[in-house]
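Observations on the model geometry
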Amino acid sequence: MQRLAPALRQDNVPLDLISLIKTILAATKEISFRVSQAHLGGLMGSTLDENIQGEVQKKLDVVANELFKDILLESGFVRAISSEEEDTSVAGDQNGKFVVSFDPLDGSSNIDINSLIGTIFSIHEAIPDMDAEDPGQFQQQGNKQVCAGYVLYGPSTMLVMTTGSGTHFYVLDRTHGGYLLVERNVQVPKDTQEFAINMSNQRFWQEPMQNYINDLVAGDTGPRGKNFNMRWIAAMVGDIHRVLTRGGIFTYPADSKKPEQPYKLRLMYEANPMSFLIEQAGGLAMTSTGRIMDIDPTDIHQRVEVIMGSSNEVEACLSYYK
Ligand SMILES: O=P(O)(O)OC[C@H]1O[C@](O)(COP(=O)(O)O)[C@@H](O)[C@@H]1O
Ligand SMILES: [Mg+2]
Ligand SMILES: [Mg+2]
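Residues numbered from 1 in each chain as written. Chains lettered and ligands numbered in written order. Predicted model: local features only at pLDDT ≥ 70, side-chain atom pairs only at ≥ 80, totals over all residues. Heavy atoms only, no water.

As a reminder, the rule being used: UniProt positions are given in the numbering used here, feature names are shortened, and annotations may be inferred rather than shown by experiment.
Under the annotation held in an unreviewed UniProt entry, the protein carries the name Fructose-1,6-bisphosphatase class 1 and is attributed to Litorilituus lipolyticus. Quoted straight from UniProt, the Subunit (unreviewed entry) entry for the protein says "Homotetramer." Quoted verbatim from the Sequence similarities (unreviewed entry) heading of the UniProt record, the comment on the protein is "Belongs to the FBPase class 1 family."

1. A short note on the overall build of the protein
Basically, it comes down to this: Helix and strand assignments follow DSSP, with helices taken as H or I runs no shorter than four residues and strands as E runs no shorter than two, numbered in order from the N terminus. For this measure, only C-alpha atoms enter the radius of gyration; the expected value for a globule follows 2.2 Å times N^0.38, where N is the number of residues. When accessible area is computed with a 1.4 Å probe and restricted to protein chains, residues below 20% of their type maximum are described as buried, those above 50% as exposed, and intermediate ones as partly exposed. We call two residues in contact when some of their heavy atoms are within 4.5 Å. A 1.4 Å probe and the Shrake-Rupley method give the accessible areas. Residues count as covered only by the protein chains that appear here. We treat Lys and Arg as the positive residues and Asp and Glu as the negative residues; His and chain ends play no part in the count. Charged groups are reduced to one reference atom each: NZ for lysine, CZ for arginine, CG for aspartic acid, CD for glutamic acid.
When helices and strands are tallied, the protein shows seven helices and 17 strands. Taken over the C-alpha trace, the protein has a radius of gyration of 19 Å; the compact-globule value for 322 residues is 20 Å, and the two agree within 12%. Expressed as lengths along the three principal axes of its C-alpha atoms, the size of the protein is roughly 60 × 45 × 45 Å. A buried classification covers 56% of the 322 residues belonging to the protein. Within the protein, counting contacts between residues at least 6 apart in sequence, those at least 24 apart form 62% of the total. For the protein, the exposed surface amounts to about 13200 Å²; the carbon and sulfur share of it is 49%. Measuring between centres, the 27 positive side-chain charges of the protein sit 6 Å from its 41 negative side-chain charges.

2. Overview of the sheet that holds strand 4 (residues 90-91)
As a reminder, the rule being used: Should DSSP find at least two bridges between two strands, the strands are regarded as paired.
Read from one edge of the open sheet, eight strands run 4-3-5-6-7-8-9-10, paired in mixed fashion. Bordering the open sheet on either side are strand 4 and strand 10 (178-183), each of which pairs with just one other strand. With seven bridges joining them, strand 6 (residues 117-125) and strand 7 (residues 147-153) adopt antiparallel strand pairing. Of the residues in strand 7, the one forming a bridge with T119 is V151.

3. What about the UniProt feature "domain: Fructose-1-6-bisphosphatase class 1 C-terminal" (unreviewed entry) in the protein?
In this numbering, the UniProt entry assigns the feature "domain: Fructose-1-6-bisphosphatase class 1 C-terminal" (unreviewed entry) to residues 188-321. The span residues 188-321 is 34% helix and 15% strand, and its two end C-alpha atoms sit 23 Å from each other.

4. Re the coordination of the magnesium ion (ligand 3)
Selection criterion: Here a donor is any nitrogen, oxygen or sulfur atom (N, O, S) within 2.8 Å of the metal, with 3.2 Å used for Na, K and Ca; water is not among the atoms considered, so some sites may look incomplete.
At the metal site, the magnesium ion (ligand 3) is ligated by E84 (OE), D103 (OD) and L105 (O), and these contacts range over 2.0 to 2.2 Å. Linear spacing of the donor residues for the magnesium ion (ligand 3) on their chain is E-x18-D-x1-L. Separating the magnesium ion (ligand 3) and the magnesium ion (ligand 2) is a distance of 3.7 Å, and D103 donates to both of them. Judged by its relative accessible area of 0%, D103 falls in the buried class. In this structure L105 comes out as buried when scored by relative accessible area, which is 2%.

5. Comments concerning the packing of helix 4 (residues 207-218) against helix 7 (residues 311-319)
Each pair of packed helices gets described by two things: the angle between the helix axes and the distance between those axes. As a reminder, the rule being used: For helices, the fitted axis covers only the stretch in contact; all axes are lines through C-alpha atoms, and the angles between them, taken along N-to-C directions, range from 0 to 180 degrees. Under this scheme an angle from 65 to 115 degrees is roughly perpendicular, one under 35 degrees roughly parallel, and one over 145 degrees roughly antiparallel; angles in between are oblique. Under the scheme applied, nonpolar residues are Ala, Val, Leu, Ile, Met, Phe, Trp, Tyr, Cys and Pro; charged residues are Asp, Glu, Lys and Arg; polar residues are all the others, including Gly.
Between helix 4 and helix 7, the least distance of the axes is 8 Å, while the angle of their chain directions is 130°. Classified by the angle between their axes, helix 4 and helix 7 sit oblique to one another. For the pair helix 4 and helix 7, the contacting residues are M209, Y212 and L216 in the first and E313, A316 and C317 in the second. A per-class count over the contact of helix 4 with helix 7 returns five nonpolar, no polar and one charged.

This is how it looks when you write it as structure tokens:
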């Protein structure tokens, strides 16, 4: 099996980006170890603090964030970072060529039940003449990402990553400590009979989504004429990994549960990186009004509607909005 660096060179990834990716992955190996030892290391449960999202931070959210932030800011490759757990962007090296947005621990509500969690990252080139302190560094569309990926801390620790030449799967080999390529150019099947949504929000969805999901649930007794299965891991990394592995549609639609906050998932460090991975695997990644990666970011923590996965099924869902 091919090691990471030769696999990236095969995709003509520039050396400085390879160095940054290796730096990011060094942090994920440490997080993978801390996650596996969390019970023993007193890292289960919550802190008393809330992040800017108004969520009580888990101890592992904080540990993973500090690990990631420190290793990136000390690397010299990074002009600035933005993180789910940081109120604002944080300046790094003015000579750094890249900016990195990340979700240090995705699926935090799964930590205490020992279920799937992960780390999500998105890399853009830094805007040349802009100051490291300037949050404008992050006002770049998702279609400008040079790399995106996630690491899934599951039975095995898996890396799923793209640099624009397809989406590839890697596994952390615990014998020699490196990520090995296990599958190149994964493809999301165009059709599927599996959907993922938090059904408990149903009464708060907009009518098109209500109708779409009702028709999936009606199965072969309804207009779709076939049965659909449902899955919800409550960790985007886990649900998207299933979609990349066997197809499916994943959606976190707009809802009126909190009218001042109609969307749940964050553009910069959840929706954009997952969109790059899904599109590079032949799927679609949309809101009900357009392509996620064409959205002009206005805030590092802005939230968006998410409908992504098997292309024909995403199209079918969007047809309810027309
Ligand atoms: O709690 P819900 O409504 O099921 O939402 C689950 C969603 O929230 C998230 O956990 C949010 O991410 P964080 O855990 O990083 O805050 C997603 O991973 C997941 O898709
Ligand atoms: Mg998350
Ligand atoms: Mg998180």
